[in-house]
Amino acid sequence: MNYKTKERENVIEIRDLKKSFGDNHVIRGFDLNVKDRESVAVLGQSGSGKSVLIKCVIGLITADEGTIKVLGKAVEQLNQVELDELRTDIGFLFQSNALYDSMTIRENLEFPLRRLRRDKSKAEIDAAVQEALEDVGLFHTLNLMPSELSGGMRKRISIARTLIVQPKIILYDEPTTGLDPITAGEINQLMNKVQEKYKTASIIISHDLDCIKVTAQRIVILKNGINYKEGTFEELKNSEDPWVSAFFNT
Amino acid sequence: MIQTKGQFQSAKRFLFLVGDIGQFTLRFFREGFHKPFEWKEILKQCGEVGYRSLSLVGVTAFIMGLVLTIQSRPTLVEFGAESWLPAMVSVSLIREIGPVITALICAGKIGSRIGAELGSMRVTEQIDAMEVSGTNPFKYLVTTRVLATSLMLPLLVIFADTIALYGSFLAVNIKGAVSFQLFFNQVFETLEFSDLIPSILKSFFFGFIIGIIGCYMGYNSKKGTEGVGKSANSAVVVASLMVFILDLIAVQITDLFYEL
Ligand SMILES: Nc1ncnc2c1ncn2[C@@H]1O[C@H](COP(=O)(O)OP(=O)(O)OP(=O)(O)O)[C@@H](O)[C@H]1O
Ligand SMILES: [Mg+2]
């Protein structure tokens, strides 16, 4: 650990997180720290509970046990107003994009802005929409409907919608899954560009090794509901552990 | 023995469903009337509900008026009471057929739309996306739709009644000419406020139940495309059933008032 990262504070602290659905014990004591401006990837098999994990972070799912502190606030102790307040600082990229399909791209982007930053004027909103769309290179889609876009374009619009409120933290749920390698590569670059421009910290959920390699500084493996292994890409790639090695070398 | 066990299970499931819908309704009253109100969305939904059902409701009401009149004529003729035709038809249209048929059509048309729309929003995580955008999705989606159906159904019923009476007028005119004025004079002589008010009131409740059930089914949709289909389907089935149950209750209550 070098001097610089040591000085930064934790923006996300997860301690001994547990979550079950009936008899399905999905998360069984997970710990994670994310420092300011750090990108951490959480890697795991399908169904290992990655989506559940970050939904707990943003308060969409309530954890059974453990604590989650985001920007110094304990998520489970916040009331609705405080939670909404905290959410203005967190961007969430849904695995399924979750674009509002009855609204145009412009309305999709305006929605969080009008809701979370109620004091903005019309001109400010227009400017923010334009900037976010230009960041993802899709300004020309302004008046289209989500159904008129390709999968890769929808993913970018979805990223634009999380960017628009200028969050301090972005939670990416499988940003590149289901995209061709070239489009996936573009999304990876976009994520790095966003990180650089907006100085965000992020948790990147993925099982796409290419994505993790170029976007994350540190990787945590989620297996059997716990943080099974941690390290940089190189460290894990050369790991002795048979499971990790199988994951990285196929 | 096995059969009774199965029946017991489905009865239990039904009771759970009723309890859940009851809770959902309570939540509507708890969360629906806090600021900030979603005026724009309420207006938009009113437009959707009203405008989209207008033609279907109109056509059906017209045919009902026509058919009811044509079929009632022979019976009245038999008793030599043909001149009572407008009076009889208008009472049954306004009191019963107008509200119930309109509600059933709306249960099919609006209930299924709401169920499918909210269901697919749930399945594709759009409802979660609203929540992380600092919006209470219950208020934004459910409250607005329930208010819209409750407000628009009485208006649709009045519209349906008018068209049905016009249909009835045409049917009276098929045999034996009756002027427009004479027909409607007779209609209004028979009709009283005590026919109209309960009918409007009950359509308000029909609208409410259609909205609540459509929203409940969609909002609690199970994952997957099958879930969306099921939500839309149950929205129509349960809402139609509830319309009849409410109608039964409404009849009992109005009866009580008549006796007073
Ligand atoms: N709302 C829920 N109710 C019940 N079980 C759930 C719910 N959400 C998730 N689960 C269960 O939790 C487990 C983990 O799900 P999750 O979606 O987090 O997996 P994942 O790691 O994101 O997988 P994938 O890579 O396929 O997205 C699954 O077994 C799933 O069935
Ligand atoms: Mg997932």
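Residues numbered from 1 in each chain as written. Chains lettered and ligands numbered in written order. Predicted model: local features only at pLDDT ≥ 70, side-chain atom pairs only at ≥ 80, totals over all residues. Heavy atoms only, no water.

### Remarks on the overall build of chain B
Along the backbone of chain B there are eight helices and zero strands. With the C-alpha coordinates of chain B rotated into their principal frame, the extents come out at 65 × 55 × 40 Å. Counting all 260 residues of chain B, 46% fall into the buried class. Sequence separation of 24 or more characterises 83% of the internal contacts of chain B that already satisfy a separation of 6 or more. (Helix = DSSP H or I, 4+ residues; strand = E, 2+ residues; numbered from the N terminus. Buried < 20%, exposed > 50% of the residue type's maximum accessible area, 1.4 Å probe, protein only. Contact = heavy atoms within 4.5 Å.)

### A short note on the site of ligand 1
All names here are of chain A. Inspection of the region around ligand 1 gives 14 residues, with Ser46, Gly47, Lys50, Ser51 and Glu174 positioned closest. Separating an oxygen atom of ligand 1 from a backbone N or O atom of Ser48 is a distance of 3.2 Å. A distance of 2.9 Å separates an oxygen atom of ligand 1 from a polar atom in the side chain of Gln95. Across the complex, the protein chains shield 60% of the 630 Å² of accessible surface that ligand 1 would expose by itself. Per-element tally for the shell around ligand 1: the top contributor is helix α2 (residues 50–57), with three residues. (Near = heavy atom within 4 Å. Polar contact = N/O pair within 3.5 Å; in protein donor to acceptor, adjacent residues only side chain to side chain. Areas by Shrake-Rupley, 256 points an atom, 1.4 Å probe, with all protein chains shown as cover.)

### Points about the domain arrangement of chain A
Residues and elements named next belong to chain A. Segmenting chain A into domains produces domain 1 (8–89 + 167–234) and domain 2 (103–166). Computed from C-alpha atoms alone, the centre-to-centre distance between domain 1 and domain 2 is 23 Å. In this complex, domain 1 contributes 17 residues to the contact, which on the side of domain 2 involves 14 residues. Regarding the contact of domain 1 and domain 2, the summed buried area is about 1400 Å², with carbon and sulfur atoms giving 64% of it. (Domains from an automatic or database assignment. Buried area = accessible area lost by both parts, 1.4 Å probe.)

### Things to note about the interface of chain A and chain B
Opposite the 20 residues of chain A that make contact, chain B presents 14 residues. Carbon and sulfur atoms make up 52% of the area that chain A and chain B hide from each other, which totals about 1600 Å². Put simply, chain A and chain B have three salt bridges between them. Between Arg87 of chain A and Glu131 of chain B there is a salt bridge, with the nearest N and O atoms lying 4.0 Å from each other. Every element with two or more residues in the side of chain A that touches chain B is listed here: α3 (80–87) and α4 (105–116) of chain A. Top contributing element to the side of chain A that touches chain B by residue count: α4 of chain A, with four residues. In terms of residue class, the side of chain A that touches chain B is made up of 11 nonpolar, two polar and seven charged. (Salt bridge = Lys/Arg side-chain N within 4 Å of Asp/Glu carboxyl O. Nonpolar A, V, L, I, M, F, W, Y, C, P; charged D, E, K, R; others polar.)

### Digging into the sheet that holds strand β1 (residues 10–21) of chain A
All names here are of chain A. Strand order across the open sheet formed by four strands is β2-β1-β4-β5, with antiparallel pairing between neighbours. Since the sheet does not close on itself, it has two edges, and those belong to β2 (24–35) and β5 (73–74), each with one partner. Pairing geometry for β1 and strand β4 (residues 65–70), over five bridges, is antiparallel. Residue pairing across strands places Glu13 opposite Lys69, the latter belonging to β4. α2 rests against β1, β2 and β4 of the sheet, and its axis sits at about 125° to β1. (Pairing = 2+ DSSP bridges. Axes fitted to C-alpha atoms, helices over the stretch in contact; angles between N-to-C directions.)

### Quick word on the pairing of strand β9 (residues 218–223) of chain A
Residues and elements named next belong to chain A. Counting buried positions along β9 gives five out of six residues, so the element sits mostly inside the fold. One ladder, built from four bridges, connects strand β3 (residues 39–43) with β9; its direction is parallel. Considered in β9, the bridge of Ala41 is made with Ile219. Looking at chain direction, β9 and strand β10 (residues 226–231) are connected through five bridges and run antiparallel. Bridged to Leu222 within β10 is Asn227. The antiparallel pairing of β9 with β10 creates a hairpin that spans two residues between the two strands, and Asn224 there sits at a positive phi of about 50°.

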